[in-house]
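The chain contents come next:
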Amino acid sequence: MDIRGVPFGLLWLLSGYSCALGGKVNKHKPWIETSYHGVITENMDTVLLDPPLVALDKDAPVAYAGEICSFKIFGQDAPFEAVVLNRTSGEGVLKASGHVDCESQKEYTFIIQAYDCGAEPSGANWKKSHKAVVHIQVDDVNEFSPVFRESLYKASVTEGKIYDSILQVEAWDQDCSPQYSQICNYEIVTGGTPFAIDRNGNIRNTERLSYEKQQSYRIMVSAFDCGQKKAEEDVVVHIEVKPVCKPGWQGWSKRVDYEPGTGSKQLFPKMHLETCGGPLSGVKAMVELQTNHIGKGCDRETYSEKSLQKLCGAASGSTDLLPAPSPSANWTASLLTDSGRESDLIYRFDGYQAANVPAHVVPQNLTDQFTIATWMKHGPSPGLRAEKETILCNSDKTEMNRHHYSLYVHNCRLVFLLRRDFTLIDSYRPAEFHWKLEQICDKEWHYYVINVEFPAVTLFVDGVTYEPYLVTDDWPIHSSKIDTQLTVGACWQGGEVATPRFTQYFHGSLSGLTIRPGRIETQKVISCLQACKEGLDINSLESLAKDIKFHFNPAQSVLVVEGEDVDSINTAVTKVSYINSRQFPTPGLRRLHISTSVQCFGEDTCVSIPDIKAVVMVLPPSEPRITISGSKQLIRPASDLRSPLGVAPFRDLRITSTVMKGDSFGGFRRPGVMEVMHNLDYCDVLVIGDELEPERESLEIHHSALLGKHLDATNSTSGISIYGVDSMAHYEQVLRQLRYRNWKPASLMERRFRLTCSELNGRYTSNEFNLEVSVLHHTAPMEHVNHMAAQSQYMRPVHHPLMIHNPNSHMSGPAPPAATVVIVVCISALVIIVVIGIYRIHATHQEGSRDDEDEIKDPESDWESAGLNITVNPMEAIRGPQALGEAVRGEECEEEEDEEDDAELVGGMTIVESESSDEEEEEGIKGREEVNGRKQKGKPEWDSSCVTY
């Protein structure tokens, strides 16, 4: 086979020869070091190797075989490449083929091999060196600034101390090398501050700080890395200076204002307890509301004792032994009263005053069941050996000195004496009951109730039951005809002495002393009568922690809160509030006192908490203005007063109450009147003038009008009193049903009454509403002698109600014709005199008078049919044409009197339904015209209108 003319065998020989020749030329592998160490700076591309990258080949200087053509790198994602700088010398360089970042990777390790150029230019028969390990380290560049780990640093220090370290700030650097990533220095940028910072970031104070001088500091701090690169943003450090830690309550106000009607108000919304560190095992706080100077120990309702008993549902029949002085209760007029108590009726006994209760007031038979109740304020008795101080005493009035029953204080013991009558019991029975209580001499107000169910006697003090600690027996008292004397504030000694006198005087204050025979008071009523209307309270009980325990005293004036955790106690105390449920509370200060005890583990007390004192200022309420309005005059015929129901003087009565309120408008406060609803406790209707005469008149109210209301009533000849705590609407309803009767009203012209109402036992009173009841009389006619008509010079019109005859009286005796003529002549003469004064009116209506002339009747026929008799008073002055008209019209009205008895009464005037209103109006217009017509005709004309008096 030939190829282009060359024999195949020749070609094979040539190729075999060349192969043999090549194997002989490239006999050795390239040689490199076994390991290399390099350094590259981040963001650069040249690697500095140690030793340098050099490959040797023993085939040198043979061309190709002794030359180095390349270096190859073997490794995962090694961002490097090896470049041959000189093929003959075998020098190379290692370069970065991509971005090298120290923060991403600090070191690289990979394999590198060297390759020669082979035996010929084509590179055939190349050889590679052994594998060498290359370790590259990336050098860091200070490209990042320090950054603080917090954006704001806070710390607090106590004044007067030097701290080694108040707080430590810390910065960091993203550079990878220790040189640039480490923070070598911190610096306070703000100048003039008493603080310093070390290289570790610890801030300390260079001088003692004072809370009074400056309460807080704000400083700026910067950081530097070891390459002295400064932080781009400084950090704020806030240091608060606290006063020297003193355990106690903080964040409370010394005064809390309370506006009436706002319900419950928090007393300490931001208060917390500072214990100055240390583990605690328990905290106990006691909040006390001190109201002893308000009324009778606290703000209670100041209604009268009767009104309060009615309000609380107490049984009726009690006798008030210390009422307000009045004409019917004058035995307390000489006693000293404690003024300025917002209508509280308090009597003060200084050991020289006492009062004898009249016999008609004293219950005669106390029976086996009765109740004695009183408010008492009493202190320790003066002197070494205290005498008995009598509150209430029933003793012999004369001859003997026996005490039938009494209540007295002796050596701070309350003693009740009850000596039964020998006719009721004849055995040795309990007679003296003793109680020894702290309340008797603590100079505070307390409510005492003694329930007697003989032989058992129970004492209630502020609603709490106390049994006597000592009971002594005695024989009953033998009956006698000696009268007894009931005394308040002392005991009456009427026998066994030369001069009867008081003895065993009481020192203290009393109020609301009552005695009720036949009934004992229930616990519910007693609690109601002595209940305070102000006190402490806790809002949102469900929000308190489970470990919190609290309890109130019965009056809710003391609150005790206990807990194991300070935070729980703080939350509980912020819920404590003051409440006053009275619509018109007593204004003034109420003192607050908080005492606290703290327990630590294994110790009784470890931290002393000072007591705190604050006040609640109850602001004055808006005073109501009670107004009574309605008709002030009532005109009724006598027949209405004689009826079984009588008349209702106050049927259109209305009671309202208003207060002045200020509202904000445009930044200014303007007063405004606002109507309010509240209770009343009494309304008195007094008779003005002579007292009522029981045998002929009465002022009364039916018992049914009081049903379903907290009201009662008492009446006398001077008026009627309605009392009890109830709404103004109920008082209106009752007063409208008040009836006045007079079954003999012949001599009565009018009765006047005065109505006043009160709230809070006279603290707020209404206006005085005066009402006059006028009586209309229908008097029977009288006969007169005819010769009276002849005395024309004394004829006068009648001013008071006319005395007229019945229309049928002419049947018994008609008037003589001569008398009739005289009367007509006299009347005509008077009319002529009047005409001159009304001439102008006549001229105005002249045309109308001509029309009326045709309608004038013949006067002679009127005289004959009427049987007219006129009563005149010759001593009365002339009153004018009006009186004359009334006298003439009276005759024609006689025919209508019988029909008027059934007419309707409106505003005290009688309206005859049979008459037309249009006719009455026309008569008023034509009255003067008719008078003129009578003059012209010479005949009298009588007006057809009629007014009944």
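Residues numbered from 1 in each chain as written. Predicted model: local features only at pLDDT ≥ 70, side-chain atom pairs only at ≥ 80, totals over all residues. Heavy atoms only, no water.

Structural notes on the sheet that holds strand S11 (residues 152–158)
The cut-off we apply is this: Two strands pair under a simple rule: DSSP has to find at least two bridges between them. Under the scheme used here, helices are H or I runs from DSSP no shorter than 4 residues and strands are E runs no shorter than 2 residues, and both carry numbers assigned from the N terminus. Where helices are involved, their axes are fitted lines through C-alpha atoms of the stretch in contact, as for all axes, and angles between N-to-C directions lie from 0 to 180°.
Spatially, the four strands line up as an open sheet ordered S11-S18-S17-S14, and their pairing is mixed. Strands at the two margins of the open sheet, each flanked by one partner only, are S11 and strand S14 (183–188). Direction aside, neighbouring strands of the sheet carry axes that sit 30° apart on average.

Thoughts on the sheet that holds strand S41 (residues 534–538)
Read from one edge of the open sheet, three strands run S21-S44-S41, paired in antiparallel fashion. Lying at the two open borders of the sheet, with one neighbouring strand each, are strand S21 (264–266) and S41. Direction aside, neighbouring strands of the sheet carry axes that sit 35° apart on average. Of the strand pairs in this sheet, S41 and strand S44 (residues 576–580) are connected by five bridges, and their pairing is antiparallel. Within the sheet, the bridge partner assigned to Asp537 lies in S44 and is Ser577.

As for the environment of Gly646
As a reminder, the rule being used: The rule is simple: take the accessible area with a 1.4 Å probe, protein chains only, and divide by the maximum for that residue type; under 20% is buried, over 50% is exposed, in between is partly exposed. Residue contacts follow a heavy-atom distance rule, with two residues in contact if any of their heavy atoms lie within 4.5 Å.
Looking at the secondary structure, you find Gly646 in the loop between helix H6 (638–642) and strand S49 (654–665). Given the relative accessible area of 10%, Gly646 is considered buried. It is 5.4 Å that separates the C-alpha atoms of Gly646 and Tyr740, two residues lying 94 residues apart in sequence. For Gly646, the residues in contact, after removing those within four places along its chain, are Asp640, Leu641, Arg739, Tyr740 and Arg741.

Observations regarding the nonpolar core
Our working definition: We define the nonpolar core as a collection of buried residues of types Ala, Val, Leu, Ile, Met, Phe, Trp, Tyr and Cys that are connected through side-chain atoms lying within 4.5 Å of one another.
Phe650, Ile655, Val685, Leu735 and Leu755 are the most contacted members of the largest nonpolar core, which totals 53 residues. Once you skip the residues sitting within four places of it in the chain, Phe650 turns out to touch Val685, Leu735, Arg736, Leu738, Phe753, Leu755, Phe769 and Leu771. Counting 41 residues, the second-largest nonpolar core is a separate cluster that includes Leu322, Tyr347, Val357 and Phe370.

Some words on the pairing of strand S31 (residues 413–418)
Buried residues dominate S31, accounting for five of its six residues. Relative to S31, strand S30 (residues 403–410) runs antiparallel, the two sharing six bridges. Among the inter-strand pairings, His410 is bridged to a residue of S31, identified as Arg413. Hairpin remark: S30 followed by S31, antiparallel, with two residues in the connecting loop; positive phi at Asn411, about 55°. Bridge count between S31 and strand S32 (residues 429–436): five bridges; the pairing is antiparallel. Bridging across to S32, Arg413 finds its partner in Lys436.

Considering the state of the cysteines
Definition in use: To count as a disulfide, a pair of cysteine sulfur atoms needs to be within 2.5 Å.
Going through the model one piece at a time under the given rule, you end up with nine disulfides. Two residues share a disulfide in this structure: Cys298 and Cys532, whose sulfurs sit 1.9 Å from each other. Where Cys298 bonds to Cys532 through sulfur, the torsion about that S-S bond is close to -100°, and the disulfide is left-handed. One end of the pair, Cys298, is in the loop between strand S23 (282–290) and helix H3 (305–311); the other, Cys532, is in the loop between helix H4 (523–529) and S41, and 234 residues separate them in sequence. You can call Cys532 partly exposed: its relative accessible area is 23%.

From the geometry alone we can't say anything about function, so treat these as descriptive.
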